[in-house]
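Each chain is listed here by its residues.
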Amino acid sequence: MSEVENSEVAVENDQKDYVEDGKNKLNVKCKFCGSKILDKKSAKYITLEKDLPLMQQDNNRKEGEIQNEQIKEFYHVENMYTFENIGFTHTVANCKYLSCADCDAGPVGFYDMDTKHSYVALSRIEHA
Amino acid sequence: MAKKTYDLLFKLLLIGDSGVGKTCILFRFSDNHFTTTFISTIGIDFKIKTVELRGKKIKLQIWDTAGQERFHTITTSYYRGAMGIMLVYDITNEKTFDDIVKWLRNIDEHANEDVEKMILGNKCDMEEKRVVSKERGEAIAREHGIRFMETSAKANINIDRAFSELAEAILDKTSGREADADHARIATVAYCTSAAVAASAAHMPEPEGAPDNFAKTLAF
Ligand SMILES: Nc1nc2c(ncn2[C@@H]2O[C@H](COP(=O)(O)OP(=O)(O)OP(=O)(O)O)[C@@H](O)[C@H]2O)c(=O)[nH]1
Ligand SMILES: [Mg+2]
Ligand SMILES: [Zn+2]
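All figures in this text were calculated on a predicted structure; none of them were measured in a lab.

Draft legend 1. Fine view of the overall build of chain B. Regarding its fold elements, chain B presents eight helices and seven strands. Taken over 220 residues, chain B has a buried fraction of 56%. Long-range contacts, defined here as pairs at least 24 residues apart, represent 79% of the contacts in chain B between residues at least 6 apart. Summing over all exposed atoms, chain B offers an accessible surface of approximately 9,500 Å²; the carbon and sulfur share of this is 49%.

As structure tokens, this is what we get:
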């Protein structure tokens, strides 16, 4: 927590710390309640550009407007039953959003209705 | 295909009149402020939860359904694949309790005859508004030979316990037949979902997302 420079470097090295043999080296948990989302080594690390709605939308935003953020790093989960605990929303534009099964925080990722594959955003989860 | 990391998959369904709290049971009333944002606007279709029972790792896939769908419109496709059904009424609403009998009849007609059922008297945090006594809930469950529990989605009372019990009951039922240890068996616990889901039963993710023998299990 002390040096700002160090935290910059840490971000750069994220992938090294968390990914091993192309998979998540550590368990994947909810940032807010610690609920276990994925077992270690159960999902593939991939990069992909995808807009995800913010977990916390600004209350002052225009009605009906959704604030997005582009995410580039994901864990790719081919079979939905690989998840330990996860919620799937109703379908919006051919995709379902993923949320924490215990506290409902999300989206932590999305599910593609065509491929039936799920993608969990690294920036929205915690490794443990 | 990746190796299976669990022993069993149980699909559960939530059923009951509109307003009894099915969606709240699935979507926690959480103090967490995040629940009021994006996810709650869209709503949860189903959840996957992992529990361990008697040394077995069991995945529960829990579906919400819509109570506005009247019993007569609930069809076989709606129940397909469900190995467990949570039948929910509201202890502050007489009508929802009376309708339990109709839901039971509907389940008998359309669901797999193996399906494991459990009755939940929800909103037990509202003691001052109670109109259905716990004894009446227990009596109807006993009469039909099924499990019963009072719950509160709001105060988080007995929710996890109810799901564990239902899963355990399904486990009891399936373990007798579990000669083939290599195959994960799929059980389904049915939840009551909202109109959108019931309106399109096709919407239920079918075998595609499931393990190899999921389709087979659903077909019996
Ligand atoms: N006090 C209390 N209120 C509850 C509880 N569960 C649900 N409610 C309230 O009951 C109302 C209906 O809850 P829902 O979960 O939307 O009911 P539902 O069964 O999903 O209804 P449909 O989707 O129409 O079938 C909401 O206003 C909830 O806040 C509970 O355990 N206690
Ligand atoms: Mg509902
Ligand atoms: Zn959480």
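Draft legend 2. View of the coordination of the zinc ion (ligand 3). All names here are of chain A. The zinc ion (ligand 3) binds to the protein through Cys 30 (SG), Cys 33 (SG), Cys 100 (SG) and Cys 103 (SG), with metal-donor distances spanning 2.3 Å. Each of the four donor atoms around the zinc ion (ligand 3) contributes to a set of angles spanning 103 to 114 degrees, which defines the coordination as tetrahedral. Every donor residue of the zinc ion (ligand 3) comes from the same chain, spaced as C-x2-C-x66-C-x2-C. Using a relative accessible area of 2% as the deciding quantity, one classes Cys 30 as buried.

Draft legend 3. Main features of the pattern of salt bridges. Residues and elements named next belong to chain B. Applying the stated criterion across every chain, the model contains 21 salt bridges over all chains. Of the charged contacts in the structure, one is a salt bridge between Arg 130 and Glu 127, with a shortest N-O distance of 2.7 Å. Since its relative accessible area comes to 47%, Glu 127 is described here as partly exposed. Here Glu 165 makes a salt bridge to Arg 147, at a shortest N to O gap of 3.6 Å.

Draft legend 4. Fine view of the pairing of strand E2 (residues 44–53) of chain B. All names here are of chain B. Within E2, nine of the 10 residues are buried, leaving the element largely enclosed by the surrounding structure. As paired strands, E2 and strand E3 (residues 56–63) are joined by eight bridges and run antiparallel to one another. Paired with Val 51 across the bridge in E3 is Ile 58. Hairpin connection of E2 to E3: two residues between the antiparallel strands, including Arg 54 at a positive phi of 45 degrees.

Draft legend 5. Broad picture of the packing of helix H4 (residues 94–110) of chain B against helix H5 (residues 134–143) of chain B. All names here are of chain B. One can describe the packing of H4 onto H5 by two numbers: an axis separation of 11 Å at closest approach and a directional angle of 10 degrees. What the angle tells us is that H4 and H5 run roughly parallel. Judged by residue contacts, Glu 94, Phe 97, Asp 98, Ile 100 and Val 101 of H4 engage Arg 136, Gly 137 and Ile 140 from H5. Taken together, the residues of the contact of H4 with H5 sort by class into four nonpolar, one polar and three charged.

Draft legend 6. Region of interest: helix H6 (residues 159–175) of chain B. Compared with the 24 Å implied by 1.5 Å per residue over 17 residues, the 24 Å span of H6 of chain B between its first and last C-alpha is a close match. Burial in H6 of chain B covers these residues: Ile 159, Ala 162, Phe 163, Leu 166, Ala 167, Ala 169, Ile 170, Leu 171 and Thr 174 of chain B.

Draft legend 7. View of the site of ligand 1. All names here are of chain B. Not every one of the 19 residues close to ligand 1 is listed here, only the nearest: Ser 18, Lys 22, Gly 67, Asp 125 and Ala 153. Here an oxygen atom of ligand 1 sits 3.0 Å away from a polar atom, N or O, in the main chain of Gly 21. For ligand 1, whose free accessible area comes to 650 Å², the fraction covered by protein is 76%. Ranked by the residues each element gives to the shell around ligand 1, the list is headed by helix H1 (residues 22–26), at three residues.

Calculation notes
All residue numbers refer to position in the chain's written sequence, counted from 1. All chains are assigned letters beginning with A, and all ligands numbers beginning with 1, in the order in which they are written. For this predicted model, a pLDDT threshold of at least 70 governs which residues receive local features, and a threshold of 80 or more governs which side-chain atom pairs are given and counted, while totals over whole chains, interfaces and linings are taken from all residues. Based on all heavy atoms of the structure, the side-chain values leave hydrogens and waters out of the count. Strands here mean DSSP runs of E at least two residues long; helices mean DSSP runs of H or I at least four residues long; both are numbered from the N terminus. To sort residues, take the accessible area from a 1.4 Å probe on protein chains only and compare it with the maximum for the residue type: under 20% means buried, over 50% means exposed, and anything in between is partly exposed. Whether two residues are in contact is decided by their heavy atoms: any pair within 4.5 Å suffices. Using a 1.4 Å probe, the Shrake-Rupley method yields the accessible areas, and only the shown protein chains count as cover for residues. Metal donors: N, O and S atoms at distances within 2.8 Å, or within 3.2 Å for Na, K and Ca, with water omitted from the atom set so that some sites may seem incomplete. Labels for metal geometry use angle windows, namely 85 to 135 degrees for all angles of a four-donor tetrahedral site, and for square planar (four donors) or octahedral (six donors) sites opposite donors over 155 degrees apart plus all others within 65 to 115; sites meeting none of these are irregular. Criterion for a salt bridge: a side-chain nitrogen of Lys or Arg within 4 Å of a carboxyl oxygen of Asp or Glu. DSSP bridges decide pairing: two strands pair if at least two such bridges lie between them. In this analysis an axis means a line fitted to C-alpha atoms, helices contributing only their contacting stretch, and an angle means the value between N-to-C directions, from 0 to 180 degrees. Each angle gets one of four labels, with under 35 degrees taken as roughly parallel, over 145 as roughly antiparallel, 65 to 115 as roughly perpendicular, and the rest as oblique. Residue type decides the class: Asp, Glu, Lys and Arg count as charged, Ala, Val, Leu, Ile, Met, Phe, Trp, Tyr, Cys and Pro as nonpolar, and the leftover types, Gly among them, as polar. Multiplying 1.5 Å by the residue count of a helix minus one yields the expected span of that helix. To be near a molecule or strand, a residue needs just one of its heavy atoms within 4 Å of it. Distance and chemistry together define a polar contact, namely a pair of N or O atoms within 3.5 Å, with one atom able to donate a hydrogen and the other to accept it when in protein, and with adjacent residues in sequence counting only for side-chain atoms on both sides.

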